[in-house]
Protein chains: 2
Amino acid sequence: MRTIIFKVVAIDPNIPTPPAADWIVRAEESLRAAGHRSSAPRSAVLELIGNQECVLSAREIADELRDRGRPVGVATVYRTLEVLEAMRLVQRLDVGDGSARYEPALPGGEHHHHHLICDSCGRVTPFEDPRLERAIDDLGRRLDYAVGDHDVILRGVCPQCGRKG
Amino acid sequence: MRTIIFKVVAIDPNIPTPPAADWIVRAEESLRAAGHRSSAPRSAVLELIGNQECVLSAREIADELRDRGRPVGVATVYRTLEVLEAMRLVQRLDVGDGSARYEPALPGGEHHHHHLICDSCGRVTPFEDPRLERAIDDLGRRLDYAVGDHDVILRGVCPQCGRKG
DNA sequence: GTCGATGCAAAGAATTTGCAGGACC
DNA sequence: GGTCCTGCAAATTCTTTGCATCGAC
């Protein structure tokens, strides 16, 4: 099995910044407004997601929280992610390694970005490109389809792996 | 569990056509050239994939072949898809329903397309857009990354579901 | 005859679900 | 105090793997 290393390396124009505190506060408020109760486990998950530098899988979230001494059951992690995704507070990303990964979603397309995935080491790198966004927006308008989200995934070989051959 | 209906509805410019016979012949030749032996089960899988109108999962392939009286073990389907994907004869697509889906890949970007996924019924619809491709190509050239493949997935509500509310 | 391919069944991994107990409002 | 949330474990689902056997070359 290929070893997957997830590390964010900002590359091109407009380096994406982690949303951090803003996102966490907004997420907690949204959940409350939607009638959900607050709880320590859920807060721990929100805090981790909000401060993450990279896309995380449910297992990674559970493991990391356990390591930090705030263990949360995997089922709870999945259930939390389910709610967050339904409320569009997180964005789900499939990099093709067999598990779903999540990252905070910001309102109004703030820090909206896509991902480069290295076929060699599995590294995931975010990037932004206004022209690409415009092309997608225009396309969405032309289609007989109410387009909401979109994902763009580019696969290739990252600089590190490229140098090694 | 949401019922997923897969049906292809051509939409915008350049209606993608199923590659059919061409692809099947090319795939068989490529496999042979790569030193693989031919076999009835493998041919059955190739034939089904080559004539498919939509993205198929491993289970769907196995089920369909069983229904057609040419049963093929699931393991064989997975192993065949693995080889085909490595040789870039099929394109893997993750629509987010928990299983990987595959479609024939044509050489030289022929019939290259992307997908619209209906959040309501799960329908997958292919589309092509030259401008989007150009934006992605240019972007790839600018990045410090050897970009190979790319996937674009648009999610939204299809015309059928939109009408019903 | 050799070695790849197959099928079955077991193993693994990701995700979901049932349920009893605990916490929030 | 009712209801939502949690954790655990069992259940499901998808995918991979071990192994004896079969068949292409």
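Since we're looking at a predicted model, the values are computed, not measured. (Residues numbered from 1 in each chain as written. Chains lettered and ligands numbered in written order. Predicted model: local features only at pLDDT ≥ 70, side-chain atom pairs only at ≥ 80, totals over all residues. Heavy atoms only, no water.)

(A) Seen up close, the pattern of salt bridges. A full pass over the atoms with the stated rule returns 25 salt bridges over all chains. A salt bridge links E85 of chain A to R92 of chain A; its shortest N-O distance comes to 3.7 Å. For D129 of chain B, the salt bridge identified is with R142 of chain A, shortest N-O distance 2.8 Å. Of the two residues, D129 of chain B is situated in the loop between β5 (124–127) and α5 (130–142) and R142 of chain A in helix α5 (residues 130–142); the pairing between them involves two chains. The buried category is assigned to D129 of chain B, whose relative accessible area is 5%. Through salt bridges with shared partners, one network takes in R59, D63, R66 and D67 of chain B. (Salt bridge = Lys/Arg side-chain N within 4 Å of Asp/Glu carboxyl O. Helix = DSSP H or I, 4+ residues; strand = E, 2+ residues; numbered from the N terminus. Buried < 20%, exposed > 50% of the residue type's maximum accessible area, 1.4 Å probe, protein only.)

(B) Quick look at the nonpolar core. Core analysis: the biggest nonpolar cluster contains 28 residues, and L132 and L154 of chain A together with L132 and L154 of chain B have the highest contact counts within it. Where this core is concerned, the elements lending two or more residues are β4 (114–118), α5 and β6 (146–157) of chain A together with β4 (114–118), α5 and β6 (146–157) of chain B. Once residues within four sequence positions are removed from consideration, L132 of chain A is found in contact with H114, F127 and V152 of chain A together with L132, A135, I136 and L139 of chain B. Within the second largest apolar cluster, 25 residues are counted, among which are L31, C54, I61 and L106 of chain B. (Core = buried A, V, L, I, M, F, W, Y, C linked by side-chain atoms within 4.5 Å. Contact = heavy atoms within 4.5 Å.)

(C) Spotlight on the protein's contact with DNA strand D. Taken together, 21 residues sit near DNA strand D, with R37, S39 and T76 of chain A together with R37 and Y78 of chain B positioned nearest. The protein-proximal atoms of DNA strand D, defined as those within 4 Å of the protein, are 62% sugar or phosphate. Here a phosphate oxygen of DNA strand D and a backbone polar atom of G73 of chain A are 3.1 Å apart. Between a base oxygen of DNA strand D and a side-chain N or O atom of R79 of chain A, the distance comes to 2.9 Å. (Near = heavy atom within 4 Å. Polar contact = N/O pair within 3.5 Å; in protein donor to acceptor, adjacent residues only side chain to side chain.)

(D) Layout of the protein's contact with DNA strand C. Taken together, 21 residues lie near DNA strand C, and Y78 of chain A together with R37, S39, T76 and R79 of chain B sit nearest. A distance of 2.6 Å is found between a base oxygen of DNA strand C and a side-chain nitrogen or oxygen belonging to R37 of chain B. Within the side chain of T76 of chain B, a nitrogen or oxygen atom sits 2.4 Å from a phosphate oxygen of DNA strand C. Contributing elements (two or more residues each) for the surface near DNA strand C: α4 (74–86) of chain A together with α2 (40–51) and α4 (74–86) of chain B. Residue classes in the surface near DNA strand C are distributed as seven nonpolar, seven polar and seven charged. (Nonpolar A, V, L, I, M, F, W, Y, C, P; charged D, E, K, R; others polar.)

(E) Molecular detail of the interface of chain A and chain B. Contacts between the two partners involve 40 residues from chain A, matched on the other side by 40 residues from chain B. Carbon and sulfur atoms make up 55% of the surface buried where chain A meets chain B, a total of about 3,300 Å² over both sides. On the chain A side of the contact with chain B, R131, Y145 and R155 of chain A bury the most area, a combined 21% of that side's loss. The tally of links from chain A across to chain B stands at six salt bridges. With a shortest N-O distance of 2.9 Å, D151 of chain A and R155 of chain B are connected by a salt bridge. (Buried area = accessible area lost by both parts, 1.4 Å probe.)

(F) The environment of R88 of chain A, seen in detail. Among the secondary structure elements, R88 of chain A is positioned in the loop between α4 and β2 (90–94). Apart from residues no more than four positions distant in its own chain, R88 of chain A is found in contact with A105 and D149 of chain A together with D119 of chain B. Polar contacts involving the side chain of R88 of chain A include one to the side chain of D149 of chain A, which spans 2.9 Å.

(G) The packing of helix α2 (residues 40–51) of chain A against helix α3 (residues 58–67) of chain A, seen in detail. Residue and element names in this part refer to chain A. Their axes nearest at 10 Å, the elements α2 and α3 cross at an angle of 105°. Looking at the two axes, α2 sits roughly perpendicular to α3. From α2, A44, V45, L48 and I49 reach across to α3, where they touch I61, E64 and L65. Of the residues assigned to the contact of α2 with α3, the class counts are six nonpolar, no polar and one charged. (Axes fitted to C-alpha atoms, helices over the stretch in contact; angles between N-to-C directions. Parallel < 35°, antiparallel > 145°, perpendicular 65-115°, else oblique.)

(H) Just the domain arrangement of chain A, in detail. All names here are of chain A. Under the domain assignment used here, chain A contains domain 1 (1–13 + 112–165) and domain 2 (17–110). Every contact between the two is made by twelve residues of domain 1 and, on the other side, 15 residues of domain 2. Taken together, both faces of the contact between domain 1 and domain 2 bury some 1,100 Å²; the carbon and sulfur share is 54%. Across the domain 1-domain 2 interface, the total number found is one salt bridge. Across the pair D149 and R88 runs a salt bridge, and its minimum N-O distance is 2.9 Å. Along the contact surface separating domain 1 from domain 2 lie four residue pairs in polar contact (both at pLDDT 80 or more). Of all the elements in the fold, those that place two or more residues in the side of domain 1 that touches domain 2 are β4 and β6. Per element, the largest residue contribution to the side of domain 1 that touches domain 2 is four residues, and it comes from β6. Class assignment of the residues belonging to the side of domain 1 that touches domain 2 gives a composition of six nonpolar, three polar and three charged. (Domains from an automatic or database assignment.)

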